[in-house]
Structure formats: structure tokens, C-alpha cells
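Residues per chain, in single letters:
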Amino acid sequence: MSYEISHLDALESEAIHVFREVAAELERPVLLFSGGKDSIVLLRLAEKAFRPGRFPFPLMHVDTGHNFPEVIEFRDRRVAELGETLVVASVQDSIDAGRAVEETGPRASRNRLQTVTLLDAIKEHGFDAAFGGARRDEERARAKERIFSFRDDFGGWDPKNQRPEIWNLYNGRIKRGENVRVFPISNWTELDVWQYIDREGLELPPIYFAHDREVFRRDGMLYATSPFTELIPGEEPFNATVRYRTVGDMSCTGAVTSTAATLETVVAEIAATRITERGETRADDRASEAAMEDRKREGYF
């Protein structure tokens, strides 16, 4: 009997291998879980890698305090269902401690402030590896990323000083103070993620599907009205049928107009688009050509 492995099966197998390699090579990993679609896929892959046992690592969310309430509700419920441990690293705590300075004005965002909160949490808990849901197809700087992305003792990333990963062999040796960010779904595309979610029947926060929401238009993007966003004179809220392709801080994450209300219609919509989710819906990535790479050099995800 012949057996043909599918594209999704191959991606799943690679990701499970990465999870197990990290568990074997590193002493104290953590899985970054925001309640977004990519981290939801990471949870399923971790289940397949380690169940029926517990995960050999906790989960962690770097919480800006300006998140979509539907996503936070989903995050807490999903962690409780899994019976795993969640560490919440708070940007507000970093601000209160004087470790980060709150931005002000209509374009203020806490997204960049996540970096110091993440680095402080890694140091506080002694994490030496952090699983993330970044993918190479998201953005130019992400495309330079290795699956094992090494960070120095300041959390910084140097794209010219990364280890080769020939034949899918990963070197997890690090010095004291260094850590590694690990991206098990780096080789996946957004369409792969959605097809996997559909295949596995994974639940998602409802904002990923078409719903009615009060929004306003800024710089060609639609933002949800919220207590965290100050309108510029001339901006008028209105109701629209939208959904979100990516989840982040409400102040910098845009929606797209859509009637896709089921997994099947979302998959069809993603298959037809030629713009990445970050390129279409993340204001923080539009700041400059090298916005993401600059943040990653400072220690961002």
C-alpha cells in the first residue's frame, strides 16, 4: 500500500520535530500565546508533540492592555481548557515601573513597548527559548529569520550572525544570558495556516470572521473605535462588516471589509489575495521600510 504525504502533513511533521528538538536541547522554553490564529496553530502542534502529557513549558502572553476583548476571553478560556500555565507579562506594569514610556496622541500605540516587557519577562523567569508564530511570508525582516533565531544577552537580533540550518539540523547551544526565539511554522504561509485550522477544526476568536463593528478610516485602513484610540479631527466612526486577518494592539491593527463568515469562505478569500496580512492591516509595519527589522534588532518577537 502506498502512502502519499500531503503538504500540510509535511509542514505539521516539521513543526512537531522543532517542538521536540527544543524540549530536548533547551532547559526552560516558553510558548508565546496571544489568542491569535498562528499561536492557536502552535497550541495544536504542541498538543500533537507532547500529549497525553503536559506541555514541558508554560505559555506566555505579552499583554499590551489594549487588546481586543474577544481575544482575551478566548485566550483565558483556551488555556483553562488545556489545563496549562499562563504567564501574563503586562506592558502596563512596565509603564508603571518606569521601564517603558507611554506614547501619546492619536497615533499612539503600545505595540513597540512590548519589547521591554518581553525581555524583562524572559530574564525574570529564566526562559532560554521562546516559541513564536512568526512566518517568513509575513514581512521582509521575517523572511530573513531562521527557525532557531538566536538573540544576544541584550535580546538583540543580528540577521548576519545566525546559524545555518542545513538538512533541518538545529543547533540550540547558547551561552549564559543568550536566548533563542523558535518559529515552528516559519515555512508556512497564511493560506497554510487557514487550511490547517480548517482541517483540524480549530476554534478561533470571532473577530477572525465577518461581523458588524464600529470603525473609522485612517491612512487607508479601518480601525475599531475603542477607549485606546484618539480620533483625528475629520475622522468619523461608522458601522461596517469587517473581519481581522491578524490580532494585535487595537490601536495599530486594522480590519478588512469582508463577508467571509465561515472557515470555508475565509480560506477562499485568503487564497485570492496577494497582500500579506501585516502589509494590509498593521500600521506599525508601515512606519518605514525597515520598521520590523529595527524592532527585532531591539529584541522584538
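Residues numbered from 1 in each chain as written. Predicted model: local features only at pLDDT ≥ 70, side-chain atom pairs only at ≥ 80, totals over all residues. Heavy atoms only, no water.

Describing a nonpolar patch on the surface
Formally: What makes a patch is a set of residues exposed beyond 30% relative accessible area and free of salt bridges, joined within 9 Å when like-charged and within 5 Å when nonpolar (Val, Leu, Ile, Met, Phe, Trp, Tyr). Areas reported as accessible are Shrake-Rupley estimates using a 1.4 Å probe. Residue values count occlusion only from the protein chains shown. By salt bridge we mean one thing: a side-chain nitrogen of Lys or Arg within 4 Å of a carboxyl oxygen of Asp or Glu. By the criteria applied, helices consist of DSSP H or I runs no shorter than four residues and strands consist of E runs no shorter than two, each listed in order from the N terminus. Only protein chains enter the area calculation, which uses a 1.4 Å probe; residues under 20% of their type maximum are buried, those over 50% are exposed, and those in between are partly exposed.
Taken together, Ile 166, Trp 167 and Leu 169 make up a surface patch of nonpolar side chains, about 420 Å² in accessible area. Structurally, the position occupied by Leu 169 is in the loop between strand 5 (148-151) and strand 6 (179-182). The exposure class of Leu 169 is exposed, given its relative accessible area of 55%.

Quick word on the nonpolar core
Basically, it comes down to this: The set of buried Ala, Val, Leu, Ile, Met, Phe, Trp, Tyr and Cys residues whose side-chain atoms join them within 4.5 Å is what this entry labels a nonpolar core. Residue ranges for the domains originate in an automatic or database domain assignment. Only heavy atoms matter for contacts: two residues are in contact if any of them lie within 4.5 Å across the pair.
Of all hydrophobic cores here, the largest spans 59 residues; its most connected members are Phe 19, Leu 31, Val 41, Leu 45, Phe 148, Val 182 and Trp 194. Examining the composition of this core, we find that eight residues originate from one element, helix 2 (residues 37-50), more than from any other. A domain-level breakdown of this core finds at least three residues from each of domain 1 (7-192 + 290-298) and domain 2 (202-286). When sequence neighbours within four positions are dropped, the list of residues in contact with Leu 45 reads Glu 12, Ala 15, Ile 16, Phe 19, Ile 185, Trp 188 and Tyr 196. In this structure, Val 62, Ile 95, Val 116 and Phe 127 belong to the second largest nonpolar core, which totals 16 residues.

What to know about the domain arrangement of the chain
When the parts of a complex come together, some accessible area is lost, and that lost area is often used as the size of the interface. Condition: Note: buried area is the sum, over both parts, of the accessible area (probe 1.4 Å) each one loses when the two are combined. Here a polar contact is taken to be a pair of N or O atoms separated by no more than 3.5 Å, where protein atoms must pair a possible hydrogen donor with a possible acceptor and residues adjacent in sequence count only if both atoms sit in side chains. Note that Gly is not counted as nonpolar here; it falls among the polar residues with everything else outside the nonpolar set of Ala, Val, Leu, Ile, Met, Phe, Trp, Tyr, Cys and Pro and the charged set of Asp, Glu, Lys and Arg.
Per the domain assignment, the segments making up the chain are domain 1 (7-192 + 290-298) and domain 2 (202-286). Centre-to-centre separation of domain 1 and domain 2, based on C-alpha positions: 23 Å. Taken together, the 33 residues of domain 1 in the interface contact 33 residues of domain 2. Taken over both partners, the interface formed by domain 1 and domain 2 buries close to 2,900 Å², and the fraction arising from carbon and sulfur atoms is 56%. Summed over the shared surface of domain 1 and domain 2, the number is four salt bridges. Residues Glu 203 and Arg 77 are paired through a salt bridge, measuring 2.7 Å at the closest nitrogen-oxygen approach. Here domain 1 is connected to domain 2 by ten residue pairs in polar contact (both at pLDDT 80 or more). Elements with a minimum of two residues in the side of domain 1 that touches domain 2: helix 2, helix 3 (69-82), helix 7 (190-200) and helix 10 (291-298). In terms of residue class, the side of domain 1 that touches domain 2 is built from eleven nonpolar, nine polar and 13 charged.

Comments concerning the pattern of salt bridges
One pass over the structure, following the stated rule, counts 27 salt bridges. Close ionic contact of Arg 77 with Glu 81 constitutes a salt bridge, the shortest N to O distance being 3.3 Å. One end of the pair, Arg 77, and the other, Glu 81, are both in helix 3, four residues apart, so they sit about a helical turn from each other. With its nearest N and O atoms 2.8 Å apart, the salt bridge here joins Glu 269 to Arg 243. In this pair, Glu 269 is assigned in helix 8 (residues 263-272) and Arg 243 in strand 9 (residues 238-243), connecting sequence segments 26 residues apart. A relative accessible area of 27% means that Glu 269 is categorised as partly exposed.

Details of the packing of aromatic side chains
Test applied: Between 30 and 60 degrees the pair is tilted, below 30 it is stacked and above 60 it is edge-to-face, where a pair is any two Phe, Tyr or Trp rings, Trp via its six-membered ring, whose centres lie within 6.5 Å. Whether a charge lies above a ring is judged from NZ of Lys or CZ of Arg, which has to be within 6 Å of the ring centre and within 35 degrees of the ring normal.
The final tally for this structure, using the stated rule, is twelve aromatic pairs. Judged by centre distance (5.6 Å) and plane angle (80°), the rings of Phe 50 and Phe 57 are edge-to-face. Judged by its relative accessible area of 5%, Phe 57 falls in the buried class. Ring centres 5.8 Å apart and planes at 75° place the aromatic pair Trp 194 and Tyr 208 in the edge-to-face group. Pair noted here: Trp 194 is in helix 7 and Tyr 208 is in the loop between helix 7 and strand 7 (211-218), with a separation of 14 residues, a long-range link. Of the two residues, Trp 194 and Tyr 208, neither departs from the other in class, the shared state being buried. Put simply, the rings of Phe 19, Phe 50, Phe 55, Phe 57 and Phe 131 touch in pairs and so form one group of aromatic residues. One Lys or Arg, Arg 51, reaches over the ring of Phe 55 and ends 4.7 Å from the middle of that ring.

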